Amino acid sequence: MDKKIVIVGAGVAGINAATKLVDNGYPGELITIIDMGKDPYNRLPEEVMTGMLGAGGWSDGKLTYHTAIGGVLSKYTGEEKAMELMDQVITNFKRFHPKPEEVQCSNPESEPEFIKPYFGLRLFPVWHVGTDYLSEIAKNWYDYLVSKGVKFIWETKVHAIDFENCRVLGKSLVENLEYERVYDDLIFAVGKSGIDFAQQLANEYSLPDEPKSVQIGVRFEAPQKHFQKLIDISYDFKLYRKFEDKGVSLRSFCTNNNAAYVAVEETYGDHSYNGHAKKDEAYRNDMTNFGILMEINGIEDPFKWSRNVVKKCQMLNTGLYYSPNIKNSASKTSEGGKVSSYQIVTAELNKVREAFEGYFEYIEDFIEDMKEVFPTLGDEWGMYIPEVKYLSPEVKVDYKNLALVDYPNVHFVGDALSARGITVSGAQAIYVAENILEFK
Ligand SMILES: Cc1cc2nc3c(=O)[nH]c(=O)nc-3n(C[C@H](O)[C@H](O)[C@H](O)COP(=O)(O)OP(=O)(O)OC[C@H]3O[C@@H](n4cnc5c(N)ncnc54)[C@H](O)[C@@H]3O)c2cc1C
């Protein structure tokens, strides 16, 4: 029997799943894709997260090609299968690309000798699709699926799913109309824009989730010249180190160069830090900033623990800034104001160490070793405390087909599961489609 398939979310994951199905002879008429955004002919650039190809539709168009990047994949599929699935996603992007010959792969191959004694450098290939082409890709891809009979329901927000009776309930955002659809198999692919809805379902059905790690650290800032040797090899370099026996690993995260600014993030009323780079030369400040993020495993309630650390690292309603050189102070934002922070002196670092409950020493060691690797750095740096990533829950799924353990016809994929990027999201979805094809 061919089953009715409903896909919630026409993002990278949903679209790759449908493509795998119809490419293998699954009748398109049995596939319905519901999305709260618009079709690619009507989607506006400011609609960053919703519509055909979802967040991938107006993304940077970088397709990372490594199982250690972009979220959880090989845990479910195994390493070899993961690479094969990612290949399929990249092939799809090339296939619908108006100029596939322009899709280039950058692949830095070897770690430079000078960092080797202290750090690993994560090197991975990236396929560059080109942001400018994404809209054309989306149109070609959409036309193909429509030609195969796939039914798209646009501008309709799904607000409830009845897992017991296999019903999806939505509401049109343009007319005051309720929408209902029954399914045999459901692919839940709502991405980041649907994360609250995913949480709502998780609460409603008490869906068990996977244990998560804590992701916390600092935003480090220094003049770019000290890191130039490494930036020339890898622009967004990823230094890392691992303490397997302690359940701790550290990595430099999201490096910004040339016109690099530290940004304040306000979450739950507290300040933490992040960074961004401006493209316009007028903003050039020749600074580099990156997160030094720790992943800490084995903490019982990672969310509560992280929030507590963040709270303890606030003074006068803002986060902290520290530099070993007292003459340094927090730098300017791209708008010209000072990055909101309270400057602490060396003696006050003890409060930070206490707040991090022993884990801050890993960051201090990381910085000490950077001073060895980049010998001109000295004390010409500062750090903004804390930087934090609150991870969304990853529901427990059957590793064979990413179906909920209690609802074997409901599959979670993409950023709504554990992905954080285009290739992994698409790969998870193709994996599910292959399983559906096997048992159709
Ligand atoms: C600005 C930006 C740049 C990025 N650049 C890159 C990059 O260069 N490389 C990379 O790998 N990743 C990048 N990403 C991340 C990448 O886009 C996502 O990881 C990927 O798109 C996730 O795919 P997905 O299908 O899970 O979700 P999405 O692609 O986000 O799709 C989810 C879809 O679900 C729909 N939806 C959500 N809730 C509902 C609901 N209740 N009812 C109906 N429809 C719903 C949304 O409208 C959306 O179309 C970027 C993200 C952003 C925002």
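Everything below is about the structure printed above this text.
Criteria and cut-off values
- Residues numbered from 1 in each chain as written.
- Predicted model: local features only at pLDDT ≥ 70, side-chain atom pairs only at ≥ 80, totals over all residues.
- Heavy atoms only, no water.
- Phe/Tyr/Trp six-rings, centres within 6.5 Å; stacked < 30°, edge-to-face > 60°.
- Helix = DSSP H or I, 4+ residues; strand = E, 2+ residues; numbered from the N terminus.
- Buried < 20%, exposed > 50% of the residue type's maximum accessible area, 1.4 Å probe, protein only.
- Lys NZ or Arg CZ within 6 Å of the ring centre and 35° of its normal.
- Near = heavy atom within 4 Å.
- Polar contact = N/O pair within 3.5 Å; in protein donor to acceptor, adjacent residues only side chain to side chain.
- Areas by Shrake-Rupley, 256 points an atom, 1.4 Å probe, with all protein chains shown as cover.
- Nonpolar A, V, L, I, M, F, W, Y, C, P; charged D, E, K, R; others polar.
- Pairing = 2+ DSSP bridges.
- Contact = heavy atoms within 4.5 Å.
- Axes fitted to C-alpha atoms, helices over the stretch in contact; angles between N-to-C directions.
- Right-handed = clockwise from strand over helix to strand, strands pointing away.
- Salt bridge = Lys/Arg side-chain N within 4 Å of Asp/Glu carboxyl O.
- Core = buried A, V, L, I, M, F, W, Y, C linked by side-chain atoms within 4.5 Å.

Draft legend 1. Looking closely at the packing of aromatic side chains. Counted under the stated rule, the structure contains 33 aromatic pairs. Here the aromatic rings of Tyr 322 and Trp 381 are separated by 6.3 Å at their centres, their planes lie at 65 degrees, and the arrangement is edge-to-face. With Tyr 322 in strand S18 (residues 320-322) and Trp 381 in the loop between helix H9 (360-373) and strand S20 (382-388), the pair connects residues that are 59 residues apart, well separated along the chain. For the pair formed by Tyr 322 and Trp 381, the shared burial category is buried. Here a set of aromatic residues connected by ring pairs shows up, and it is made of Phe 114, Phe 220, Phe 227, Phe 237, Phe 290, Tyr 322, Phe 374 and Trp 381. A cation over an aromatic ring shows up here: Lys 229 above the ring of Phe 114, its NZ or CZ 4.3 Å from the ring centre.

Draft legend 2. The arrangement of the site of the ligand in detail. What surrounds the ligand is a group of 34 residues, the closest being Ala 13, Asp 35, Lys 62, Asp 415 and Ile 422. For the ligand, an oxygen atom lies 3.1 Å from a polar atom in the backbone of Gly 56. For the ligand, whose free accessible area comes to 1,000 Å², the fraction covered by protein is 87%. Per-element tally for the shell around the ligand: the top contributor is strand S8 (residues 156-162), with three residues. Residue composition of the shell around the ligand, by class: 12 nonpolar, 16 polar and six charged.

Draft legend 3. Broad picture of the sheet that holds S18. Strand order in the open sheet made by the eight strands is S5-S13-S14-S17-S12-S20-S18-S19, with mixed pairing throughout. Lying at the two open borders of the sheet, with one neighbouring strand each, are strand S5 (120-121) and strand S19 (342-344). Of the strand pairs in this sheet, S5 and strand S13 (residues 239-243) are connected by two bridges, and their pairing is antiparallel. Paired with Gly 120 across the two strands is Tyr 240, which belongs to S13. Across the sheet, helix H7 (residues 302-312) lies against strand S12 (214-223), strand S17 (287-296) and S20, angled at about 40 degrees from S12, the strand it touches most. Its contacts with the sheet put H9 on S12, S13, strand S14 (248-256), S17 and S20, and the angle it makes with S17 is roughly 140 degrees.

Draft legend 4. Main features of the pairing of strand S1 (residues 5-8). Side chains Ile 5 and Ile 7 of S1 all project onto a buried face; the interleaved residues Val 6 and Val 8 project onto the opposite face, where all are buried too. Of the strand pairs in this sheet, S1 and strand S11 (residues 185-188) are connected by four bridges, and their pairing is parallel. Looking at S11, one finds that Val 8 is bridged to Phe 188. For S1 and strand S2 (residues 31-34), the ladder comprises four bridges, and the chain directions are parallel. Considered in S2, the bridge of Ile 5 is made with Ile 31. One crossover worth recording links S1 to the parallel S2 by way of helix H1 (residues 12-23), and it is right-handed.

Draft legend 5. Main features of the sheet that holds strand S9 (residues 167-172). Here we have three strands laid out as an open sheet, ordered S8-S9-S10, and antiparallel in their pairing. Every other strand in the sheet has two partners, leaving S8 and strand S10 (178-182) as the edge strands with one partner each. If you compare each strand with its neighbour and ignore which way they point, the axes differ by 25 degrees on average.

Draft legend 6. Just the pattern of salt bridges, in detail. Within this structure, the stated rule accounts for 26 salt bridges. Of the charged contacts, one joins Glu 394 and Lys 212 as a salt bridge, the two residues approaching to 3.1 Å between their closest N and O atoms. Of this pair, Glu 394 sits in the loop between S20 and strand S21 (397-398) while Lys 212 sits in the loop between helix H5 (195-204) and S12, and the two are 182 residues apart along the sequence. Glu 394 sits in the buried class, given a relative accessible area of 2%. In this structure Lys 212 comes out as partly exposed when scored by relative accessible area, which is 24%. The residue Arg 284 makes a salt bridge to Glu 281 at a minimum N-O spacing of 3.1 Å. The exposure class of Arg 284 is partly exposed, given its relative accessible area of 39%. Relative accessible area serves as the criterion here: at 55%, Glu 281 is assigned to the exposed category. What emerges from the salt-bridge pattern is a single network uniting Lys 20, Lys 81, Glu 84 and Glu 434.

Draft legend 7. Geometry of the environment of Leu 186. By secondary structure assignment, the location of Leu 186 is in strand S11. Taking C-alpha positions, Leu 186 is 39 Å from Val 309, a pair spaced 123 residues apart along the chain. When sequence neighbours within four positions are dropped, the list of residues in contact with Leu 186 reads Val 6, Val 8, Ile 161, Phe 163, Val 168, Asn 409, Val 410 and His 411.

Draft legend 8. Expanded view of the environment of Asp 162. Tracing the backbone through its elements, the reader meets Asp 162 in strand S8. The spatial distance from the C-alpha of Asp 162 to the C-alpha of Leu 201 is 9.5 Å, given a sequence separation of 39 residues. Among all residues touching Asp 162, those that are not within four sequence positions of it are Arg 167, Tyr 183 and Tyr 205.

Draft legend 9. Geometry of the side chain of Glu 210. Tracing the backbone through its elements, the reader meets Glu 210 in the loop between H5 and S12. Here the side chain of Glu 210 touches Tyr 399 through a polar contact of 3.2 Å, side chain to side chain. Residue contacts for Glu 210: discarding those within four places in its chain leaves Lys 75, Glu 394, Val 395, Lys 396 and Tyr 399.

Draft legend 10. Spotlight on the nonpolar core. By size, the foremost hydrophobic cluster in this structure holds 82 residues, and its most contacted members are Ile 31, Phe 93, Phe 152, Ile 161, Phe 163 and Phe 188. Apart from residues no more than four positions distant in its own chain, Ile 31 is found in contact with Ile 5, Ile 7, Ala 18, Leu 21, Val 22, Tyr 26, Val 150 and Lys 151. Counting residues in hydrophobic clusters, the runner-up holds 46 residues, among them Ile 115, Ile 231, Phe 360 and Ile 385.

Draft legend 11. Expanded view of unusual backbone geometry. Across the junction of Ile 385 and Pro 386, the peptide omega takes the value -5 degrees, indicating a cis bond. Even without being a glycine, Asp 286 presents a positive backbone phi close to 55 degrees. Looking at the element boundaries, Asp 286 is found in the loop between strand S16 (270-277) and S17. Of the residues examined, Asp 286 reaches a relative accessible area of 39% and is grouped as partly exposed.

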